Amino acid sequence: MIFTLVLVLIGALLFLVIGVNVVQQQKEKAEAERRAELARQRAIIDETEEILSLTGMFPCSSQIVLVLYKRVQDALKHAKSIAGNQAPDYERRLNDISSQITTMSSNPKNSPPIEGFRLPDNDKQILDLVKVLKKLKAILRAEHNKGKVDTTTFSEEEARIDSLQLRINVDSMLSRARAACATKQYGSAKQMVTKALSTLHAIKAQTPNDPFIGRKVDEAKAMLDEVMGAQKEAAPVVQNNKEEEDIDVLFQPKKKW
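Bear in mind that the values here come from a model prediction, so they are computed numbers and not experimental data.

**Some points on the overall build of the chain**
- Scanning the chain from N- to C-terminus turns up seven helices and zero strands.
- For the chain, the α and β elements follow one another from N to C terminus as α-α-α-α-α-α-α.
- Here the chain holds 257 residues, and the buried ones make up 31% of them.
- The long-range fraction of contacts in the chain, counting pairs at least 24 apart against all pairs at least 6 apart in sequence, stands at 71%.
- Per element, the accessible surface of the chain, about 17200 Å² overall, is 57% carbon and sulfur.

Listed below in structure tokens is the structure:
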């Protein structure tokens, strides 16, 4: 009888230990998931705030700024609900962003025109701008797929970003062509201008009434004529130099072996 009781007690103790371990593992798993989700929300907040800090580099509409603010707001709400001891910090930031959203929504501003946009002179700034627009387009599409951006706003803002990307691409190619021409690298310059023209003609077929496209086509054609003219002028000089080198080689002293 005593032996049976001991066995029962040992069995109960084993079940208790196993139960405690299972509960502990579940708690650890839940905590790991909580930390991972909190890190994901922080990453969303940081990425969106970084993009917001760079919107001064291009004519950004108030609509897209509102989309970004609301994305931060959603992430802060979610982070606050799982932040534990850090909840007050997220609540403070949430109040600030909610106040900004209310102010912007009650005082909507007209979107700045993109016609006056100029490409930055610094290559690093151009690269940063390209990255920002790419991220911005991905965020806009993701928020639209979630139903947080209406179709009209999505179409307008996506077209606006596409237009800015086109301007950057074309202006960058023409700028590199000018730099190549200045250093007499006419082959590279011609290649860049031709590529820019191909891009412009492809877009012009879709949007024939865009004044930017027509203006840049004329600019690229004029540059191509300039490059080809400079290339022709440089060709006789190169040929004469080659002929002089050939004559020098012909009349130079023979080597004795």
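**As for the pattern of salt bridges**
- Enumeration according to the criterion identifies 16 salt bridges in this entry.
- Put simply, Lys137 and Asp162 hold a salt bridge, and the shortest N to O gap is 2.5 Å. Of this pair, Lys137 sits in helix α4 (residues 123-145) while Asp162 sits in helix α5 (residues 151-182), placing them 25 residues apart in sequence.
- For Asp162, a relative accessible area of 32% translates into the label partly exposed.
- Among the ionic pairs, Glu143 bridges to Lys146, the shortest N-O distance being 3.4 Å.
- Taking relative accessible area as the criterion, Lys146 reaches 54% and is therefore assigned exposed.

**Some remarks on α4**
- The terminal C-alpha atoms of α4, which comprises 23 residues, lie 33 Å apart, in line with the 33 Å expected from a rise of 1.5 Å per residue.
- Considered for burial, the residues of α4 that qualify are Ile126, Leu129, Val132, Leu133, Leu136, Ile139, Leu140 and Glu143.
- On its buried side, α4 packs onto α1 (2-53), α2 (62-82) and α5.
- With its phi angle positive at about 80 degrees, Gly147 sits one or two positions after the end of α4.

**A few points about the side chain of Lys216**
- Secondary-structure assignment places Lys216 in helix α7 (residues 211-251).
- Under the relative-accessibility criterion, Lys216 is labelled buried at 10%.
- Among residues more than four places away in sequence, those in contact with Lys216 are Val170, Asp171, Leu174 and Leu200.

**Digging into the confidence of the model for the chain**
- In the predicted model, the chain carries a mean pLDDT of 83, and 89% of its residues have values of at least 70.
- In this model, residues 237-244 is a region of pLDDT below 50 whose contacts with residues beyond four sequence positions or in other chains number zero contacts.
- Note on residues 246-257: pLDDT under 50 across the span, and zero contacts to partners over four residues away in sequence or across chains.

**Let's talk about the nonpolar core**
- Counting 39 residues, the largest nonpolar core has Phe58, Leu76, Tyr90, Ile97, Leu133, Leu136 and Ile168 as its most contacted members.
- Elements represented by at least two residues in this core include exactly α1, α2, α3 (87-106), α4 and α5.
- Here Tyr90 is in contact with Leu38, Arg42, Ile45, Leu76, Ala79, Lys80 and Ala83, once residues within four sequence places are set aside.

**Examining α3**
- The first and last C-alpha atoms of α3 sit 28 Å apart over 20 residues, in line with the 28 Å expected at 1.5 Å per residue.
- Among all positions in α3, only Ala87, Tyr90, Leu94, Ile97 and Ile101 are buried. Buried residues of α3, viewed axially, fall in a sector of 95 degrees; they line one side. In α3, those exposed residues whose orientation departs by more than 90 degrees from the buried face are Arg92, Asp96 and Thr102.
- If you follow the buried residues of α3, they end up packed against α1 and α2.

**Some thoughts on the side chain of Glu157**
- Of note, Glu157 is situated in helix α5.
- An unpaired buried charge is present at Glu157: no salt bridge exists, and Arg160, the closest side chain of opposite charge, is 4.6 Å distant.

**Thoughts on the environment of Met228**
- One can find Met228 in helix α7.
- Relative accessible area serves as the criterion here: at 31%, Met228 is assigned to the partly exposed category.

Criteria and cut-off values
Residue positions are given per chain, counted from 1 along the sequence in the order it is written. Under the rules for a predicted model, residues below a pLDDT of 70 receive no local features and side-chain atom pairs below 80 are neither given nor counted, while totals for whole chains, interfaces and linings still include all residues. Calculated side-chain values reflect all of the structure's heavy atoms, with hydrogen atoms and water omitted. We count a stretch as a helix when DSSP gives it H or I for four or more residues in a row; a strand needs E for two or more, and each element gets its number in order from the N terminus. Using a 1.4 Å probe on the protein chains alone, a residue whose accessible area is under 20% of its type maximum counts as buried, one over 50% counts as exposed, and one in between counts as partly exposed. A contact between two residues is defined here by any heavy atoms of the two lying within 4.5 Å. For the area figures, the Shrake-Rupley method with a 1.4 Å probe applies, and any residue is considered shielded solely by the protein chains shown. A pair is scored as a salt bridge if a Lys or Arg side-chain nitrogen falls within 4 Å of a carboxyl oxygen belonging to Asp or Glu. Given a helix with a known number of residues, its expected span is that number minus one, times 1.5 Å. The predictor attaches a confidence to each residue, and that confidence, scored 0 to 100, is pLDDT. Among buried residues, those of type Ala, Val, Leu, Ile, Met, Phe, Trp, Tyr and Cys that are joined through side-chain atoms within 4.5 Å constitute a nonpolar core. What the arc describes is the spread of directions from the helix axis to the C-beta atoms. Charge assignment in this entry is limited to Lys and Arg as positive and Asp and Glu as negative, and neither His nor the chain termini are counted.

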